[in-house]
Amino acid sequence: MRVMQVASAYWQSCALHAANRLDVFNLLDGQAKDLDTLTRETESDRRCLGALLSALVSMDFLDRDGDTFRNNDFSQTFLTQSSKFYQGGIVYMFENWYEAWGGLYNTVKTGTPSALMHQAYSDEETRNYMMGMHNRALSQSDVLTDMIDLSGKTQLMDVGCGPATFAVKFCEKYDGLKAVAMDREQNLEIAKEIVDQYGMQDRVELRAGDYNTDSLGSGNDAMLLSSMTNQESPENIKKLLRKCYESMNKDGVIMIQEQLLHADKKGPQLAALIGVNQIINTVGGSSYSTAEMEAMLREVGFVDIESRQMAPPSPFIMVTGYKR
Ligand SMILES: C[S@@+](CC[C@H](N)C(=O)[O-])C[C@H]1O[C@@H](n2cnc3c(N)ncnc32)[C@H](O)[C@@H]1O
């Protein structure tokens with residue numbers, strides 16, 4: 001049974017991807033509709049849409065009464081755009097990676113990624129990805145800002161900031177804090193919308209750059225590397241950590257918020273599978289263990305290094321270190 005469940009698990013992913021792309025959950029936002037109405041509104045084939053909706057009911061994403069469908073509490077909360085917990089962007093992001101995962105066998109045989117993350121994204125795909133990251137970060141940001149005390153710190157650098165949500169949230173919590181948030185130029189357009197939305201234009205500076213080749217400046221009291229070390233090779237991570245160290249003030253803290261493997265590399269499963277996603281989508285990426293990350297920090301000169309599991313709903317492990 002377990003063999004069949006795992007071998008066919010992508011059926012469920014594909015059903016969710018298709019429903020999300022067909023806008024089913026938004027069409028059912030706060031109202032029930034019958035199959036004929038949904039067929040018309042999604043411009044779909046009635047027989048095939050009926051099969052898809054039945055699958056979504058069985059997967060506990062929709063409720064049905066005969067041929068009438070409605071969102072349940074879960075899909076209303078996480079899959080409709082009107083909800084502040086909307087996660088539809090994440091669904092698009094995983095759908096974008098689906099084809100590349102089909103090349104896993106070849107990747108493992110040859111060591112060559114079957115796609116390169118971000119490089120061929122359309123504007124719409126970039127927006128979906130960034131908004132997915134933003135909504136995911138919003139639900140996790142309190143856990144991060146409550147865990148690390150940045151009182152008295154004045155300059156935070158968020159490296160590979162994506163939507164810059166964590167930089168915004170840290171600045172919201174600490175009045176005296178300003179942030180520099182760095183990412184590739186094409187992603188900063190959406191980060192700017194988020195910074196503007198929170199009225200943080202004077203506190204969060206968005207800086208276009210490549211963290212592998214560009215300077216990280218100086219005067220940093222805190223560095224955040226969130227969910228981006230796994231996309232790099234150990235050599236690149238060590239170079240980046242060295243640059244972080246050199247850019248930091250004495251007593252500065254580095255925060256690595258990441259999907260890390262436990263020291264024995266037996267799990268967690270999500271971190272292990274993210275390692276597979278990295279071999280498919282990046283040239284040198286992998287998932288690293290807490291022990292490996294701590295060793296890299298130590299090698300560069302950081303001290304008082306500690307790894308801690310973050311509280312739910314954050315799936316991350318936080319590794320901190322200090323420049324003394
Ligand atoms: C998984 S996202 C994490 C975003 C954000 N730190 C968060 O946790 O929400 C990884 C980010 O790294 C950025 N990135 C990848 N390579 C980069 C590079 N060489 N220089 C700057 N940013 C890069 C990507 O554009 C993407 O926004």
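These numbers come from a predicted model, not from an experiment.

S.K.: Break down the site of the ligand for me, with residues and values.
M.R.: Close contacts around the ligand come from 19 residues, with Gly-160, Asp-183, Asn-187, Asp-210 and Ser-226 the closest. Within the contact set of the ligand, a nitrogen atom lies 2.7 Å away from a backbone nitrogen or oxygen of Gly-160. Within the side chain of Gln-231, one N or O atom sits 3.1 Å away from an oxygen atom of the ligand. Examining the composition of the shell around the ligand, we find that four residues originate from one element, helix 9 (residues 123-147), more than from any other. Residue composition of the shell around the ligand, grouped by class: six nonpolar, nine polar and four charged.

S.K.: Can you tell me about the domain arrangement of the protein chain, naming the residues and giving the values?
M.R.: The domains assigned to the protein chain are domain 1 (2-81) and domain 2 (141-322). Just the C-alpha atoms count here: the centres of domain 1 and domain 2 sit 36 Å apart.

S.K.: Let's hear about a nonpolar patch on the surface: which residues, and what values?
M.R.: On the surface, Tyr-10, Trp-11 and Tyr-98 cluster together to form a nonpolar patch covering roughly 380 Å² of accessible area. On the secondary structure map, Trp-11 appears in helix 2 (residues 9-21). According to the relative accessible area criterion, Trp-11 is exposed, its value standing at 56%.

S.K.: Outline the sheet that holds strand 5 (residues 178-183), listing residues and values.
M.R.: Strands sit in the order 6-5-4-7-8-10-9 across an open sheet of seven strands; the sheet is mixed. The sheet is open, and its two borders are formed by strand 6 (204-208) and strand 9 (303-309), each paired with just one other strand. For this sheet, the mean angle separating the axes of adjacent strands, direction not counted, is 15 degrees.

S.K.: An account of the pairing of strand 6 is requested, with residue identities and associated values reported.
M.R.: Pairing geometry for strand 5 and strand 6, over five bridges, is parallel. By the bridge assignment for strand 6, Met-182 is matched with Arg-207. On the question of chirality, the crossover connecting strand 5 to the parallel strand 6 by way of helix 11 (residues 185-197) is right-handed.

S.K.: A description of the sheet that holds strand 1 (residues 33-34) should follow, citing residues and the corresponding values.
M.R.: Strands in a sheet are paired, the pairing made by backbone hydrogen bonds, and the direction either parallel or antiparallel. If you trace the three strands from one edge of the open sheet to the other, you get 1-3-2, paired in antiparallel fashion. If you trace the sheet from one side to the other, it starts and ends with strand 1 and strand 2 (62-65), each paired once. For strand 2 and strand 3 (residues 68-71), the ladder comprises four bridges, and the chain directions are antiparallel. Directly across from Leu-62, in strand 3, lies its bridge partner Asn-71. Against the sheet, helix 5 (residues 46-58) makes contact with strand 2 and strand 3, and its axis sits at roughly 115 degrees relative to strand 2, the strand it touches most.

Procedures and definitions
- Positions within a chain are numbered from 1, following the residues in the order the chain's sequence is written.
- Totals for whole chains, interfaces and linings use every residue, but because this is a predicted model, local features are given only for residues with pLDDT of at least 70 and side-chain atom pairs only at 80 or more, for both listing and counting.
- Excluding hydrogens and water, the side-chain figures rest on all heavy atoms present in the structure.
- Here a residue is considered near a molecule or strand provided that any single heavy atom belonging to it is located within 4 Å of it.
- Here a polar contact is taken to be a pair of N or O atoms separated by no more than 3.5 Å, where protein atoms must pair a possible hydrogen donor with a possible acceptor and residues adjacent in sequence count only if both atoms sit in side chains.
- Here a strand is any run of E in DSSP of at least two residues, a helix any run of H or I of at least four, and the numbering for each starts at the N terminus.
- For this classification, Asp, Glu, Lys and Arg are treated as charged, while Ala, Val, Leu, Ile, Met, Phe, Trp, Tyr, Cys and Pro are nonpolar and the rest, including Gly, are polar.
- Note that the domain bounds reflect an automated or database-derived domain assignment.
- Each patch groups residues whose relative accessible area exceeds 30% and which form no salt bridge, using 9 Å between like charges and 5 Å between nonpolar side chains of Val, Leu, Ile, Met, Phe, Trp and Tyr.
- In these tables, accessible area is a Shrake-Rupley quantity obtained with a 1.4 Å probe, and a residue counts as shielded only by the protein chains included in the view.
- Salt bridge, as used here: a side-chain nitrogen of Lys or Arg that lies within 4 Å of a carboxyl oxygen of Asp or Glu.
- Burial here depends on accessible area, computed with a 1.4 Å probe over protein chains only, as a share of the maximum for the residue type. Under 20% is buried, over 50% is exposed, and the range in between is partly exposed.
- Paired strands are those between which DSSP finds at least two bridges.
- Helix axes are fitted to C-alpha atoms over the stretch in contact, other axes to C-alpha atoms as well, and angles between N-to-C directions run from 0 to 180 degrees.
- By convention, orient the strands away from the viewer: a clockwise path from the first strand over the helix to the second makes the crossover right-handed.
- It only takes one pair of heavy atoms within 4.5 Å for two residues to be counted as in contact.

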